[in-house]
Amino acid sequence: MTPTSTIAIQCLGYTPIPVALLSCDEVPMVDLYRKDVETGRLRLYRAANVPMVPEDLERLVQSKVSWLYTPEVDQGEMQLYIRRKLDRLVNDNSLNVRERFGRLNEVVEGILGSAFEVDETDELMRSSAYVASMAVRLLCQNEMTAGDLISLLHHDYQTVTHSLNVAYMMVTLAREMRMVSDSELQSVAVAGILHDVGKLSVSERILNKSQRLQRREERIAQKHPAHGFRRLCERTDISYGQLMVVYQHHERMTGKGYPVGAVGEEIHPWARLCSVVNVFESLISNRPYRRRYPLTEAFQIMDGPLSAGLDREMYQCWKQHILKK
Ligand SMILES: [Fe+2]
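Residues numbered from 1 in each chain as written. Predicted model: local features only at pLDDT ≥ 70, side-chain atom pairs only at ≥ 80, totals over all residues. Heavy atoms only, no water.

### Some points on the pattern of salt bridges
- In this structure the tally under the stated criterion is 11 salt bridges.
- Two residues, Arg59 and Asp56, come together in a salt bridge whose shortest N-O distance is 3.2 Å. In this pair, Arg59 and Asp56 are both assigned in helix H2 (residues 54-62), 3 residues apart and thus about one turn of the helix distant.
- Looking at Asp56, the relative accessible area reads 15%, which means it is buried.
- The partner of Arg272 in a salt bridge is Asp311, with the nearest N and O atoms 2.8 Å apart. One end of the pair, Arg272, is in helix H13 (residues 269-283); the other, Asp311, is in the loop between helix H14 (295-303) and helix H15 (312-324), and 39 residues separate them in sequence.
- Ionic contacts of the salt-bridge type, sharing partners, join the residues Asp122, Arg235 and Asp237 into one network. (Salt bridge = Lys/Arg side-chain N within 4 Å of Asp/Glu carboxyl O. Helix = DSSP H or I, 4+ residues; strand = E, 2+ residues; numbered from the N terminus. Buried < 20%, exposed > 50% of the residue type's maximum accessible area, 1.4 Å probe, protein only.)

And the structure:
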């Protein structure tokens, strides 16, 4: 299980705290800082001796402030608070696992949504680590079936929702195939969250177009794996497998994918894993130009010519896992 020290990643001597995890009745009495939008510097938001009231949290959410920061000296107390909040959310026995997942999904979608909106790679990496650790913790509680997962996901097509769904599904399939150790599942989840990060460099007009894309627009949209690769390739906090998910998730086993037409095992296993669930997730989600397909119809479509481009073993495993419910 992920240690708390990696859940709250330290940033220049400060610990970022997601506003979505704060509730004013129990915020520890520590100094809280917020980032100044213009200068990027941290400034005191609330001194330790000033109580927080519900309106404070509402104002932060309205101003799209998704992170506050605590100084090094208070990190221990804040990390304990975060662990308690997460544990409570994930292990709340008064709720069944479906309800817990529903609530967690709201929180993580909020965290991730703000990060995508801000379009700042550091913040995106930090949010992805948070979200991934929470997702893995919940998915590893074995009470939740694949059927539960599918029925609980939001199916409206937005990059954030899609990315989160793909991350959940990658973790589920990687576990089912025993592809990675439990400690690597969080990395797989982060890869899923980030796989379409290159879409931040593609205009929303193209991404949200309600008619089919023209050839020229399609070529622009298809650059998103390369944009994502360029955005992340020099970072030291991303692994080779994660980077390959970003770069190769539209490659196909037949060589008919993009960006370069890699073939078969030239495609990293994590990218092949992502391809399978990415195609599936797209089919069962509403798109600007069509309604979502029911599960059986989605698999009928995937069984057609699409299947040749997917890793056969992974696809079969995914199909069996979903249909067995
Ligand atoms: Fe993509």
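### Some words on the nonpolar core
- In this structure, Phe101, Tyr168, Met170, Phe280 and Trp318 are the most contacted members of the largest nonpolar core, which totals 89 residues.
- Sequence-distant contacts of Phe280, that is, excluding residues within four places in its chain, are made with Ile150, Met169, Leu295, Phe299, Met302, Trp318 and Ile322. (Core = buried A, V, L, I, M, F, W, Y, C linked by side-chain atoms within 4.5 Å. Contact = heavy atoms within 4.5 Å.)

### Comments concerning the coordination of the iron ion
- The protein atoms that coordinate the iron ion are Asp196 (OD), His224 (NE2), His249 (NE2) and His250 (NE2), at distances spanning 2.1 to 2.2 Å.
- In this structure, the iron ion is surrounded by 4 donor atoms whose angles at the metal cover 86 to 176°, and the resulting shape is irregular.
- The sequence pattern formed by the donor residues of the iron ion is D-x27-H-x24-H-H. Of this pair, Asp196 sits in the loop between helix H8 (185-194) and helix H9 (204-207) while His224 is found in helix H11 (residues 224-232), placing the two residues 28 residues apart along the sequence.
- Relative accessible area serves as the criterion here: at 4%, His224 is assigned to the buried category. (Donors = N, O, S within 2.8 Å, 3.2 Å for Na, K, Ca; no water. Tetrahedral: all angles 85-135°; square planar, octahedral: opposite > 155°, others 65-115°.)

### As for the state of the cysteines
- Overall, the coordinates contain 0 disulfides when judged by the stated rule.
- Free of any disulfide, Cys233 has its nearest cysteine sulfur in Cys274, 18 Å distant.
- A residue is classified by how much of its surface remains accessible, and Cys233, at 31% relative accessible area, is partly exposed.
- You can see Cys274 has no disulfide; the closest cysteine sulfur is in Cys317, sitting 16 Å from it.
- Using a relative accessible area of 0% as the deciding quantity, one classes Cys274 as buried. (Disulfide = S-S within 2.5 Å.)

### Some points on the domain arrangement of the protein chain
- On domain assignment, one finds that the protein chain holds domain 1 (1-91) and domain 2 (96-324).
- Between the C-alpha centres of domain 1 and domain 2 the distance comes to 29 Å.
- Facing 22 residues of domain 1, the contacting portion of domain 2 comprises 19 residues.
- Carbon and sulfur atoms make up 62% of the area that domain 1 and domain 2 hide from each other, which totals about 2,000 Å².
- Where domain 1 meets domain 2, there are 0 salt bridges.
- Across the domain 1-domain 2 interface, the total number found is 1 residue pair in polar contact (both at pLDDT 80 or more).
- Counting only elements with at least two residues in the side of domain 1 that touches domain 2, the list comes to strand S1 (14-18), strand S4 (67-71) and helix H3 (75-91).
- Looking at the side of domain 1 that touches domain 2 element by element, the count peaks at 6 residues for H3.
- Among the residues making up the side of domain 1 that touches domain 2, the classes are represented as 16 nonpolar, 3 polar and 3 charged. (Domains from an automatic or database assignment. Buried area = accessible area lost by both parts, 1.4 Å probe. Polar contact = N/O pair within 3.5 Å; in protein donor to acceptor, adjacent residues only side chain to side chain. Nonpolar A, V, L, I, M, F, W, Y, C, P; charged D, E, K, R; others polar.)

### Focus: the pairing of S4
- Burial runs high along S4: 5 of the 5 residues are buried.
- Burial of S4 is two-sided: the residues Trp67, Tyr69 and Pro71 facing one way and the residues Leu68 and Thr70 facing the other way are all buried.
- By the bridge criterion, 5 bridges tie S1 to S4 in an arrangement that is antiparallel. Bridge pairing in S4 links Thr15 to Thr70. (Pairing = 2+ DSSP bridges.)

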